[in-house]
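Chain by chain, the residues run as shown.
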Protein chains: 2
Amino acid sequence: MTRDREATGERILAAAAALFAEHGYDQVTVRMIASAAGANVALVNRYFGSKANLFATVLITASTVTAAIEGDPGRMPARLAEHVAHRLRTGASEPLVRMLDRAGTSPEIRAVLAARVEAGLVDAISARLPGPQARERALLATVIILGAGSLRRLLGPDGLHDADPAVLEARLETAFRACLAPPGG
Amino acid sequence: MTRDREATGERILAAAAALFAEHGYDQVTVRMIASAAGANVALVNRYFGSKANLFATVLITASTVTAAIEGDPGRMPARLAEHVAHRLRTGASEPLVRMLDRAGTSPEIRAVLAARVEAGLVDAISARLPGPQARERALLATVIILGAGSLRRLLGPDGLHDADPAVLEARLETAFRACLAPPGG
DNA sequence: TTTTCAAGTATACGCTTGTTTACTCTGGTG
DNA sequence: CACCAGAGTAAACAAGCGTATACTTGAAAA
């Protein structure tokens, strides 16, 4: 066994990211992470301080829907609709939403997640919205993004598996547009 | 202490309902329930078999958004919008959504919740939708309902606390209408 | 009053959790 | 080669969980 602290740390981080996204914070134990990473249990706490801190570290690197948020703000509803529709139909999960959704109820974990959602979704969206009440509108769009994650996880992809993608996207785009449109427009 | 099995059982049930809605399944222990009900720990399992079974029993009696779902289907989007807007602004939580949202990740618990959401939301809505693809449309509306619960719990009511209720409702109504409208309409 | 049975109690079992401690091993350095 | 900082390990810790057991108590029936 080659002894390489950095490599081991990254194996732990990668294993934790995969497991947290798959099963959620509560359901994942440090022993699971260590086992998946091929490392000893003690190293998880040794290198990351605590499970909660490891989770926070994972969250920083977790990808978000930024691809759908960035770009021409006018087409953001369409991109978000496509993103959400794809997730609803296929079951491919946005890691951040998934972790959020599967996160436990521990207050500190929720706080970490809330901060991440604020930064990665609400702030990212509202920063690109022209006009007043940008945050309020961004929050409404976040409702749909989060709700899609909840629904999919709860009921599985079965419900919308063979829905017409075009119709689904059209509905969602209208919904997103209603959320995001400037007031009075 | 008056000895009354039925009354004790109901005290346990009521305490469990309140605690599950407040903190979620995972975060509530049978000891907390027993303590809040003024009953002994052992009675919880004695009367309800298991914690999971108690949760299932609580769910059956948990109220839902039925008031907003029932009535003239044409005005369902408006009623749902009002319901969700009210929750988003004030923080008043629908018990079922709250429990769902705060539920843990245990598969059996999720299954119980999924069944309840299917019956109380998806089926209830789709049964009142004229036209084809009723279930698909009901699922999209459920996305918003669940998402509102997620967002509110995660970020608190601060974000939309002082948003204009009328504007909020109007946006949500349009969104709900986009989800629920018959195809091709 | 005495009997009796279920309601209620105290306690501990078995297990899992995150975390820590004390140890062993290894590879690079003098 | 001898050495040693540090990577990796094994084992146990304390705490908390759901649950089961064996016991005590109280009120209604005889």
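Attention in this report is confined to the structure presented alongside it. (Residues numbered from 1 in each chain as written. Chains lettered and ligands numbered in written order. Predicted model: local features only at pLDDT ≥ 70, side-chain atom pairs only at ≥ 80, totals over all residues. Heavy atoms only, no water.)

## Details of the protein's contact with DNA strand D
Part 1 of the argument: As a matter of local geometry, DNA strand D sits amid 22 residues, with A:Arg3, A:Thr8, A:Tyr47, B:Thr29 and B:Asn45 nearest to it.
Part 2 of the argument: Among all atoms of DNA strand D positioned within 4 Å of the protein, those belonging to sugar or phosphate total 50%.
Part 3 of the argument: Within the backbone of A:Asp4, a nitrogen or oxygen atom sits 3.2 Å from a phosphate oxygen of DNA strand D.
Part 4 of the argument: Interatomic distance of 2.8 Å between a side-chain N/O atom of A:Thr8 and a phosphate oxygen of DNA strand D.
Part 5 of the argument: Those elements that provide at least two residues to the surface near DNA strand D are helix H1 (5–23) and helix H3 (41–48) of chain A together with helix H2 (30–37) and helix H3 (41–48) of chain B.
Part 6 of the argument: Here the residues of the surface near DNA strand D sort into seven nonpolar, six polar and nine charged. (Near = heavy atom within 4 Å. Polar contact = N/O pair within 3.5 Å; in protein donor to acceptor, adjacent residues only side chain to side chain. Helix = DSSP H or I, 4+ residues; strand = E, 2+ residues; numbered from the N terminus. Nonpolar A, V, L, I, M, F, W, Y, C, P; charged D, E, K, R; others polar.)

## Regarding the protein's contact with DNA strand C
Part 1 of the argument: By nearness alone, 22 residues border DNA strand C, and A:Asn45, A:Lys51, B:Arg3, B:Thr8 and B:Tyr47 come closest of all.
Part 2 of the argument: Sugar and phosphate atoms constitute 52% of the interface atoms of DNA strand C, taking the interface as everything within 4 Å of the protein.
Part 3 of the argument: A:Val30 places a main-chain nitrogen or oxygen 3.1 Å from a phosphate oxygen of DNA strand C.
Part 4 of the argument: Here a base nitrogen of DNA strand C and a side-chain polar atom of B:Arg31 are 3.4 Å apart.

## As for the relation of the copies chain B and chain A
Put simply, the second copy of the chain is the first one after a rotation about an axis and a shift along it.
Part 1 of the argument: Superposing chain B onto chain A requires a rotation of 180 degrees together with a translation of 0.0 Å along the rotation axis, leaving an RMSD of 0.1 Å. Put plainly, the chains are arranged around a two-fold axis.
Part 2 of the argument: The share of interface residues of chain B whose copies in chain A are also at the interface is 100%, consistent with both copies meeting through the same surface. (Least-squares fit on C-alpha atoms with pLDDT ≥ 70 in both. Contact = heavy atoms within 4.5 Å.)

Function cannot be read off these values alone, since they describe shape.
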